[in-house]
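# A closer look at the structure
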Amino acid sequence: MKIGLYPEDMLLEYLENRLNGQFHTKIKYHNYLQKLPDAIEFSEEFALKWKSLVEAAVKRLIADTFALRPFLFEVDGYTKRFCSADHQFWNHLNFTFSHRGAERLYEEMRSEVTSDEPLYPVTLPADALLISLCKNNFSLYSFAWFDKNNASWIIQALFVAWQKVRIDNIPWQYLFDNPARTELPLRDYLIERAADYLAGCNAHFAKIVSGGNGTRHIRAAESLELTFESSPKNTLELFSHVEKFIKSAQNAIAWWSSEGTVANDDERFIAGAARTFGFETELAEFRALTNEYMENQGMEEQIYESILRNQTSD
């Protein structure tokens, strides 16, 4: 019996499964992947179907991720807030999808029979977002790569929302370290995520300081919860990493509120964001935890030295 294999149809089926969250569902003719050509030329009809599926999925991702959260935009020299329910919000978005995204996902679809790594870097930022969504993995691309490839603020914001972090490794700290390259809508969102990050750190350190019996305030994140991966570093090293992050965030906020302003009035929105989103509150909490930990460490050293003296005298 002969079976007609249509690579474009197989790829569209693969795409639809992934966009619907079916990451382990096999396509209809999965057993014949090795029969497909290494590369294909896409038809115009395929391109239209691809574009329709991709654009709808990305719009859904944006709406699901940010809901009605308003973002800052510069309009006629002044700062305005728009959310995904406003048409002005979508007017400020810019997505450029290319055939490269389809090529990379075609390589991904066939990778289990070819054992070849898809050429992930050979793509556009919007394609990178699609690939990450289809793989349910937002760690494939760095913010340095997005910067080099002129990714729009909304693409970077989605990666800020979905990337996993460690206390000693926050990929989007790159944006604080390079404040001049960070667009206005992304700035106050970064401040919000910085508050989320500090809240997560404080919850972690509170358990260490109090032995798990602490009752300290834990901020309820307005956006997605940050997922903290484990770190091999000791507590003092982690405190040091958080301090470096805080300094980077504070420097960026100061620059955005002064010579880095975009509109005539955005500095007051940026300066106020640190209070509104709880960054200052979490920072004060972190300082208190740091002091308490260091005081406890001092007490432990004193007790240890006392034990040693008693053993020596005996």
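Thresholds, definitions, all that
- Residues numbered from 1 in each chain as written.
- Predicted model: local features only at pLDDT ≥ 70, side-chain atom pairs only at ≥ 80, totals over all residues.
- Heavy atoms only, no water.
- Pairing = 2+ DSSP bridges.
- Helix = DSSP H or I, 4+ residues; strand = E, 2+ residues; numbered from the N terminus.
- Salt bridge = Lys/Arg side-chain N within 4 Å of Asp/Glu carboxyl O.
- Buried < 20%, exposed > 50% of the residue type's maximum accessible area, 1.4 Å probe, protein only.
- Axes fitted to C-alpha atoms, helices over the stretch in contact; angles between N-to-C directions.
- Parallel < 35°, antiparallel > 145°, perpendicular 65-115°, else oblique.
- Contact = heavy atoms within 4.5 Å.
- Nonpolar A, V, L, I, M, F, W, Y, C, P; charged D, E, K, R; others polar.
- Phe/Tyr/Trp six-rings, centres within 6.5 Å; stacked < 30°, edge-to-face > 60°.
- Left-handed = near helix turned anticlockwise from the far one by under 90°.
- pLDDT = per-residue confidence, 0-100.
- 1 Å grid on protein atoms, 1.4 Å probe; cavity = no way out; pocket = protein on both sides within 12 Å on 5 of 7 lines; lining within 4 Å.
- Points joined across faces, edges and corners; volume = space filled by probe spheres on them.
- Core = buried A, V, L, I, M, F, W, Y, C linked by side-chain atoms within 4.5 Å.

## Here's the deal with the pairing of strand β2 (residues 78-82)
In the sheet, strand β1 (residues 71-75) pairs with β2 via five bridges, with the strands oriented antiparallel. Bridge assignment links V75 to a residue of β2, and that residue is Y78. What sits between β1 and β2 in their antiparallel hairpin is a turn of two residues, with D76 showing a positive phi close to 55 degrees.

## Side note on the pattern of salt bridges
Following the criterion strictly, the structure yields 14 salt bridges and no others. Of the charged contacts, one joins D168 and K233 as a salt bridge, the two residues approaching to 3.0 Å between their closest N and O atoms. Of this pair, D168 sits in the loop between β3 (165-166) and α8 (173-177) while K233 sits in the loop between β4 (228-229) and α10 (235-256); the two residues are 65 residues apart in sequence, bridging distant segments of the chain. A relative accessible area of 30% means that K233 is categorised as partly exposed. Through salt bridges with shared partners, a single ionic network connects R69, R81, D188 and E192.

## Digging into the packing of helix α1 (residues 7-19) against helix α4 (residues 99-114)
Packing of α1 against α4 leaves a shortest axis separation of 10 Å and a crossing angle of 85 degrees. Judged on the interaxial angle alone, α4 and α1 are roughly perpendicular. Every residue of α4 that contacts α1 at P7, M10, L11, Y14 and L15 is listed here: A102, L105, Y106, E108 and M109. Considering only residue class, the contact of α1 with α4 consists of nine nonpolar, no polar and one charged.

## A short note on the packing of aromatic side chains
Here the structure, examined in full by the defined rule, presents 29 aromatic pairs. Here the aromatic rings of F89 and W153 are separated by 6.2 Å at their centres, their planes lie at 85 degrees, and the arrangement is edge-to-face. Of this pair, F89 sits in helix α3 (residues 87-91) while W153 is found in helix α7 (residues 153-162), placing the two residues 64 residues apart along the sequence. Residue classification places F89 among the buried positions, given a relative accessible area of 1%. Residue classification places W153 among the buried residues on the basis of a relative accessible area of 3%.

## Quick look at the packing of helix α5 (residues 125-135) against α7
Two elements in contact, α5 and α7, have axes separated by 10 Å at closest approach and are oriented at 30 degrees. Of the possible angle classes, the one that applies to α5 and α7 is roughly parallel. Every pair of crossing elements has a handedness; the one defined by α5 and α7 is left-handed. Residues P125, A126, A128, L129 and S132 of α5 touch α7, and the partners they reach there are I155, L158 and F159.

## Points about the confidence of the model for the protein
Predicted confidence across the protein gives a mean pLDDT of 88, with 89% of residues reaching 70 or more. Taken element by element, the protein is modelled with least confidence in helix α12 (residues 279-313), mean pLDDT 74, and with most confidence in α8, mean pLDDT 98.

## Remarks on unusual backbone geometry
Even without glycine at this site, D76 takes up a positive phi of about 55 degrees. Within the element layout of this structure, D76 appears in the loop between β1 and β2. Owing to a relative accessible area of 72%, D76 belongs among the exposed residues under this scheme. Of note in the backbone geometry, N136 takes a positive phi value of approximately 55 degrees without being a glycine. Summarising the element assignment, N136 is placed in the loop between α5 and α6 (143-148). Here N136 falls in the exposed class, since its relative accessible area comes to 51%.

## Notes on the layout of surface pockets
Reported here for the largest pocket is a volume of approximately 360 Å³. Surrounding the largest pocket, 17 residues form its lining, F138, S139, W162, Q163 and K164 being those nearest its centre. When contributions to the lining of the largest pocket are tallied by element, the ones reaching two or more residues are α7 and β3. Across the lining of the largest pocket, the residue classes break down as seven nonpolar, six polar and four charged.

## Quick word on the nonpolar core
Grouped together as the largest cluster of nonpolar side chains are 89 residues, with contacts concentrated most on W50, W172, Y197 and F279. Examining the composition of this core, we find that 13 residues originate from one element, helix α9 (residues 184-210), more than from any other. Excluding residues that lie within four positions of it along the chain, W172 makes contacts with F143, V160, V165, L190, R193, A194, Y197, L226 and F245.

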